Amino acid sequence: MLEYDSEDLFSSVNDHHGVGDVWLIPLKLLDDDARAIQLGAVAALSIEAGQREFVGDPLRMMLLGMEEESRLPYVIESGGLAVGVLTLQCGAGGLAGWSDDDSAWLLRGFLIDSGSQGRGLGTRAARAAVEEARKLTARLGGGQAGVVLSVNERNPAGHVAYGRAGFVDAGRYLGGSSGPQRIMYRAFD
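A brief look at the structure comes next. (Residues numbered from 1 in each chain as written. Predicted model: local features only at pLDDT ≥ 70, side-chain atom pairs only at ≥ 80, totals over all residues. Heavy atoms only, no water.)

**Quick notes on the overall build of the protein**
Right, on to step 1. Broken down by element type, the protein carries five helices and eight strands.
Right, on to step 2. When its helices and strands are written in sequence order, the protein yields β-β-α-α-α-β-β-β-α-β-α-β-β.
Right, on to step 3. Each of the 189 residues in the protein was classed as buried or not, and the buried ones make up 47%.
Right, on to step 4. Sequence separation of at least 24 residues holds for 61% of the intrachain contacts in the protein that already meet a minimum separation of 6.
Right, on to step 5. When the accessible surface of the protein is totalled, it reaches about 8800 Å², and 50% of it is carbon and sulfur. (Helix = DSSP H or I, 4+ residues; strand = E, 2+ residues; numbered from the N terminus. Buried < 20%, exposed > 50% of the residue type's maximum accessible area, 1.4 Å probe, protein only. Contact = heavy atoms within 4.5 Å. Areas by Shrake-Rupley, 256 points an atom, 1.4 Å probe, with all protein chains shown as cover.)

Here you go:
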């Protein structure tokens, strides 16, 4: 069973270039009232029509993450506002075309609100997700060595953002429901 530790409740990354912090808010650690507020903010996120096929509905993803034990859903905040969502999942690397399920955390359901795109928030949030996964591995002793994801080949902006966050292209994956994917991986520092 995945369990959070109450220390290091929120992970953050600052780019030190004056554009602000990105915080990952773990939904499973919040009380019911705080979770409801966060989910309301998630429901208000805006997604471009062309982005929907890659990421799906953010509220639905967060609710699914709350139900499944292996998923840890997070709201991405910047400047005190919800700007996106992501989920870390253990035991599911193969869903991104990775060679096994257990050597890496799966980063999935990652999106930045359309009004917040183009400011580097996706790159900083991806870095924060890797740091969060590293902390989880240290606490839980799962043995993961990094984070894996898949990005659709028709999503060059996503590919660039993940590359800026230190992910490297690890090959093609043809198992995605919306077409060919690029497998990307980042080892823990």
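**Considerations on the pairing of strand β8 (residues 181-187)**
Two faces make up the sheet, and in a regular strand the side chains alternate between them.
Right, on to step 1. Of all seven residues in β8, five are buried; the element is thus mostly enclosed.
Right, on to step 2. Bridge count for strand β6 (residues 146-152) against β8 is seven bridges, and the pairing is antiparallel. Across the sheet, Val151 pairs through a bridge with Arg182, a residue of β8.
Right, on to step 3. In this structure, strand β7 (residues 168-173) lies alongside β8, joined through four bridges in antiparallel fashion. The partner of Asp169 across the bridge, within β8, is Met184. (Pairing = 2+ DSSP bridges.)

**Thoughts on the side chain of Thr87**
Right, on to step 1. Along the polypeptide, Thr87 turns up in strand β4 (residues 81-89).
Right, on to step 2. Those residues within four positions of Thr87 in sequence are excluded, and the remaining contacts are Met62, Arg71, Leu72, Pro73, Leu106, Leu107, Arg108 and Gly109.

**With respect to the packing of aromatic side chains**
Right, on to step 1. Inspection of the entire model under this criterion finds three aromatic pairs.
Right, on to step 2. Ring geometry for Tyr162 and Phe167: centres 5.9 Å apart, planes at 70 degrees, overall edge-to-face.
Right, on to step 3. With a relative accessible area of 10%, Tyr162 lands in the buried category. (Phe/Tyr/Trp six-rings, centres within 6.5 Å; stacked < 30°, edge-to-face > 60°.)

**A closer look at the nonpolar core**
Right, on to step 1. Counting residues in each nonpolar core, the largest one holds 29 residues, and the members touching the most others are Leu107 and Phe167.
Right, on to step 2. Looking at which element gives the most residues to this core, the answer is helix α4 (residues 121-140), with eight residues.
Right, on to step 3. Residues within four places of Phe167 in sequence aside, it is in contact with Leu107, Ala126, Val130, Val147, Leu149, Tyr162, Met184, Tyr185 and Arg186. (Core = buried A, V, L, I, M, F, W, Y, C linked by side-chain atoms within 4.5 Å.)

**Re the pattern of salt bridges**
Right, on to step 1. Enumeration over the complete set of coordinates arrives at seven salt bridges.
Right, on to step 2. Measuring nitrogen to oxygen at the nearest pair gives 2.4 Å for the salt bridge that ties Glu131 to Arg134. Of this pair, Glu131 and Arg134 both sit in helix α4, separated by three residues, roughly a single helical turn.
Right, on to step 3. Judged by its relative accessible area of 27%, Glu131 is partly exposed.
Right, on to step 4. Owing to a relative accessible area of 31%, Arg134 belongs among the partly exposed residues under this scheme.
Right, on to step 5. In this structure, Asp169 engages Arg182 in a salt bridge whose closest nitrogen and oxygen atoms are separated by 2.9 Å. Here Asp169, found in strand β7, pairs with Arg182, found in strand β8; they are 13 residues apart in sequence, far enough to count as distant.
Right, on to step 6. According to the relative accessible area criterion, Asp169 is partly exposed, its value standing at 36%.
Right, on to step 7. The exposure class assigned to Arg182 is partly exposed, which follows from its relative accessible area of 23%.
Right, on to step 8. A single salt-bridge network, built from bridges that share partners, covers Glu153, Asp169, Arg172 and Arg182. (Salt bridge = Lys/Arg side-chain N within 4 Å of Asp/Glu carboxyl O.)

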